[in-house]
Structure formats: structure tokens, C-alpha cells
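Understanding the architecture of this molecule
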Amino acid sequence: MRYIELAQLYQKLEKTTMKLIKTRLVADFLKKVPEDHLEFIPYLILGDVFPEWDERELGVGEKLLIKAVSMATGIDSKEIENSVKDTGDLGESIALAVKKRKQKSFFSQPLTIKRVYQTLVKVAETTGEGSQDKKMKYLANLFMDAEPIEAKYIARTVLGTMRTGVAEGLLRDAISLAFNVKVELVERAYMLTSDFGFVAKIAKTEGNDGLAKVTIQIGKPIKPMLAQQAANIKEALLEMGGEAEFEIKYDGARVQVHKDGEKVTIYSRRLENVTRAIPEIVEAIKEALKPTKAIVEGELVAIGEDGRPLPFQYVLRRFRRKYNIEEMMEKIPLELNLFDVLYVDGVSLIDTKFMERRKKLEEIVETNGKVKIAENLITKNVEEAEQFYKRALEMGHEGLMAKRLDAVYEPGNRGKKWLKIKPTMENLDLVIIGAEWGEGRRAHLLGSFILGAYDPETGEFLEVGKVGSGFTDDDLVEFTKMLKPLIIKEEGKRVWIQPKVVIEVTYQEIQKSPKYRSGFALRFPRYVALREDKGPEDADTIERIAQLYELQERMKGKV
């Protein structure tokens, strides 16, 4: 299958904002895809090469990409860089460079999708001494044979700046439409495997029956079940039917642990493989988990010298560290508090009631210094739960989780079967969708950032406010550096940015606002942290903001 067909799909997707048209375009394309291509083409459509849980990364920045294009076209790197000032898009500038190509190989072959994919895999798997030169040559070979439109989208794929507006929800609907299968079965299969390539292939070859049989697979992370926030303990108990399990809510990073014999893989909340960054937890898991095969969930907490928990950002520092890991193990010691089990020795437990899963967890875990089981309390008594809540806060934790005793595990769902109880309103994780240049000494830096909440139905990010406080000068330098390559267009001081970067913000309150399409605005938002553990689709949704607005009003006694 020719790569130009995929490039033409990208072009059509970029030209329309209509979700239904985009879905139909992707569905029609998927119908034509050969079976052996279905494992990777859904990722290319999303603008990726691998699933998010795959450790492989392309490791190619703008400079290396430009050098590869220069090698392929004979056009000087500086000329390509200068062209970006006119086009505003490196992909467009690379397409122009290929159009003006000074040499073309006599043995040039039309690009196939398979060749492009296999080359990108080689790029990702090339490491060690001389790897940058090898990566450059692999890419240059593609650009030598590429048409301008193909070069544009290869470049965007490499940089992760596709701009076609295809998100997970749209791809799910397109798979359902293409292969005439139930959308809820596509959703379920994806939530269980986090693998659109696998799901698309099953949908085409086995239909609804095959999708219904999809189950948990060790080595493919499950989308985590999520919680809403309750106003207080009393409200949580009422919602749970009068009795609930309360657990300490740790201020850490949620992880999913897959054990397969002696092999242990640990995934972050974003489903990224973080195993190599936390070797001491891997070893502790091998000792603690009795079954040969298991999938468990827990909260990874950084512990301070005084034995109290440190803010979750410390755990993220551990996740990011690729070198001198032993040094970081001493600086930021970690502790894993397990709270759920989803799979044991060939048996999926997601349709098992929560209390049975909790009992199973206690049976299969032998706690040690690094691996513990989340402290809990089962009660019908509000006062007893309040005492537990007070103790959790005194210990330095965030609050409590309340869980329905008969709740099954619902991957990817944020329902009311799990509730958080915290003394403050929940912070929001939002996507930067635009920015404004600063003034005076900060004129060269982006000084304030336009925030968007995710709309899963359309795949859009709708504006909910602008944040300019809480940033240090160093933060602004870092954010400007990070966001510059993602700028889509610029008008005066305002820039529009591709939705890639998620930040956590606090705020005084949520207000209803006719000014924004979202219908909501944040009052006095303030930057808290960069959420590198979250992708744009993991950001808080419009629905979530509406729920928090209602909760806020209940806390005020207005509802």
C-alpha cells in the first residue's frame, strides 16, 4: 500500500473540522488496509509509531530531521530553517525543500506505508555510538524517495506534530464504522489492551464475537478506572449505599504492575513503561507478589527523610531519570502502596466485586519494606470514617478514597463507584492550546498560557481560561523552549499551540461563562506543575469540569 494514500488521508483530515467527516474518511481508509498492516496503521493515523506503552522512541529532534532532509535534497540546513519563518511549519518547509530537490536517485522507488513504518522502527531501535548519524541516514533515504506531500507528513510523524485532529475516540468510532462492529465492543477491547492495532485486526477478522472475547493480556496495560470527587465523608457513604471501603489517598503516582514469572513491567498512569527508572521497586515486587503471573495497581510514593510523603513531583523526577539511577534511589526513596488486583495466573478479576479483589490482593502479597498494601477501613459509620480521614491528613496524605464494596473494575471509566475525599477542590490537569508573548524583559518569552479541557466527543480542546501566575522565570524559559515547535499560527502577541502539553493548575473557583464554548471559566488559575505523566487525552474533560462545578456549588450549599 503506497504511503501517498496515507499522506492524502492526512491532508483531507487537516482540511475539515467536522468529526463525522473525519470519522468517515478514516473508516473508508481502514477498509482498504491489508490485514498485515492493521497492526501499525492505526498508530500512524493517530500520528504515532508505537502504542504509548511501548518503550521505543524515535529520538529525533528538529535539527537532526533538517540535516536528514538537507542530505536527501542537497539544500542547505539554514535555508530550510529560514523557510520555517515564512511557512510557520517545519513539515511545510520540508515539503518545499523536497520539491526543490537538487538530486533524485536513479533507483528511486515509490514509498510504501510498510517501508516508512519499518524505517521509523529502525530509527527508534538504533542506539549507542554513532546512532545519530545512522538515524539521519535512514530518514534521508526516505526523503530521497518522498513526494513533497509525503515528506511533509513523515516529518510531522517524526516530530509528533500531526495536526489532523484524530484522537482515540474518533479512531474508535472509525474502526466500528469500517468493520461494522459495535462501538462499545471496540471501546471495551481497547480499554483492556490499550492496543488499537490489535483491536482493529480483531474487528476486521473476527467481528463482534472476536471483540467480545478480548481479555487482559500481560504486557499490555489496562486503562485505569478513575474516581470522581465527593464533597465530604457523609456524601460518599450515601453514594456507596451506606457502607464503603475507605483507603488512604496517597499523594504519589499511580502505577500498574505486570508480573510474568521473573519479568516485571511497571506502567505509569499514562501507560508509559517506567520499569528501568525504578529498579528497587521491580526487585521488591518479585519478592512481594506470590503468583507467577499477576497485574496489580498501586500508588508509588516518594518518602522524605522524616518518613513522611513528599509531593508526587518527586516520583515524576524518578520516572524521568535515565542515568545515575542508583544515585536517585538514595536521594528519592520510593514506596509502593498496592490497592487493587486485576489478574492472577490466567484469571481476569475485573468483573469480580471490589471486596473479593481486595481479599485476593491481601492473599497474594507478602509485604516488605518497599511494597505495602494501602491502609483501609470498611465502615457504615460517618464518625469512624471522619477519624480515619483526619489521621490520613495528619500523616501527610491527600485524603481518602471511598470504594463501593460490590463495584466491578471499569477500565477507563470515571464513575461514582470510586470517590475521592479531599479538604480542597480538586486541581485540574489542562492542555496548553495557546499563549501570549510577554512584555518588557519577558518579551522574548511566552508569558501566559491559554488552557483547554478535553471534549472526548469531538476530540477538541475547549478554552476554559488563561494562566499567567505561578511560573518562575526558569519555568517560562522551559515552557517557551518546549512550546515553540508546537506553534501552529501567530497573530500579534497571540499564538495558537498544538495541544500536547498538560499542566496542573489550581484556581479559586469554577464559573459559568458564555464567553467560552466550553461554558466554563476558571477564576484566578495558578500554575502548579507540568504533568509529564499525562497525555492530552488524559487531561480533564468538559464533563469533569461540570461535575466539579456542581460539587463546588454543593460545598457552598447552593445545590
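Owing to the predicted nature of the structure, the values given are computational and were not obtained by experimental measurement.

If you walk through the whole model with that rule in mind, you get 55 salt bridges. Linking aspartate 540 and arginine 544 is a salt bridge whose minimum nitrogen-to-oxygen distance equals 3.3 Å. One exposure class covers both aspartate 540 and arginine 544, and it is buried. Several salt bridges share partner residues, and in doing so they unite Lys249, Glu398, Arg414, Lys420, Lys422, Glu426, Asp540 and Arg544 into one network.

Let's shift gears to the layout of surface pockets. What the second largest pocket holds in volume is close to 1000 Å³. At the level of elements, α10 (168-179), α11 (183-193) and α20 (542-556) are the ones that each hand at least two residues to the lining of the second largest pocket. At five residues, α11 tops the list of elements feeding residues into the lining of the second largest pocket. Among the residues making up the lining of the second largest pocket, the classes are represented as 13 nonpolar, five polar and 17 charged. Residues lining the lining of the second largest pocket come from more than one domain, with at least three contributed by each of domain 2 (229-421) and domain 3 (428-557).

Applying the stated rule across the entire model yields two cavities of 30 Å³ or more. In this structure, the largest cavity encloses a volume near 40 Å³. Pro224, Arg254, Val255, Gln256, Tyr267, Ser268, Arg269, Leu271 and Glu297 are the residues that line the largest cavity. Going through the elements one at a time, β3 (253-260) and β4 (263-268) are the ones with two or more residues in the lining of the largest cavity. The dominant element in the lining of the largest cavity, judged by the number of residues it contributes, is β3, at three residues.

A few words now on the UniProt feature "active site" in the protein. In the UniProt entry, the feature "active site" is given for Lys249. By the secondary structure assignment, lysine 249 is in strand β2 (residues 244-249). The class of lysine 249 is buried, set by a relative accessible area of 14%. Apart from residues no more than four positions distant in its own chain, lysine 249 is found in contact with His397, Glu398, Gly399, Leu400, Met401, Lys420 and Lys422. Within the structure, lysine 249 has its side chain in polar contact with the side chain of glutamate 398 (distance 2.7 Å).

A few words now on the packing of helix α5 (residues 77-87) against helix α6 (residues 90-99). As a packed pair, α5 and α6 sit with axes 8 Å apart at the nearest point and diverge in direction by 125 degrees. Overall, the two elements α5 and α6 adopt an arrangement that is oblique. Judged by the twist between their axes, the crossing of α5 over α6 is right-handed. Only Leu90, Glu92, Ser93, Ile94, Leu96 and Ala97 of α6 make contact with α5, whose side of the interface consists of Ile80, Ser83, Val84 and Thr87. In the contact of α5 with α6, the residues fall into six nonpolar, three polar and one charged.

Rules behind the numbers
- Residues numbered from 1 in each chain as written.
- Predicted model: local features only at pLDDT ≥ 70, side-chain atom pairs only at ≥ 80, totals over all residues.
- Heavy atoms only, no water.
- Salt bridge = Lys/Arg side-chain N within 4 Å of Asp/Glu carboxyl O.
- Buried < 20%, exposed > 50% of the residue type's maximum accessible area, 1.4 Å probe, protein only.
- 1 Å grid on protein atoms, 1.4 Å probe; cavity = no way out; pocket = protein on both sides within 12 Å on 5 of 7 lines; lining within 4 Å.
- Points joined across faces, edges and corners; volume = space filled by probe spheres on them.
- Helix = DSSP H or I, 4+ residues; strand = E, 2+ residues; numbered from the N terminus.
- Nonpolar A, V, L, I, M, F, W, Y, C, P; charged D, E, K, R; others polar.
- Domains from an automatic or database assignment.
- UniProt positions renumbered as here; feature names shortened; annotations may be inferred.
- Contact = heavy atoms within 4.5 Å.
- Polar contact = N/O pair within 3.5 Å; in protein donor to acceptor, adjacent residues only side chain to side chain.
- Axes fitted to C-alpha atoms, helices over the stretch in contact; angles between N-to-C directions.
- Parallel < 35°, antiparallel > 145°, perpendicular 65-115°, else oblique.
- Left-handed = near helix turned anticlockwise from the far one by under 90°.

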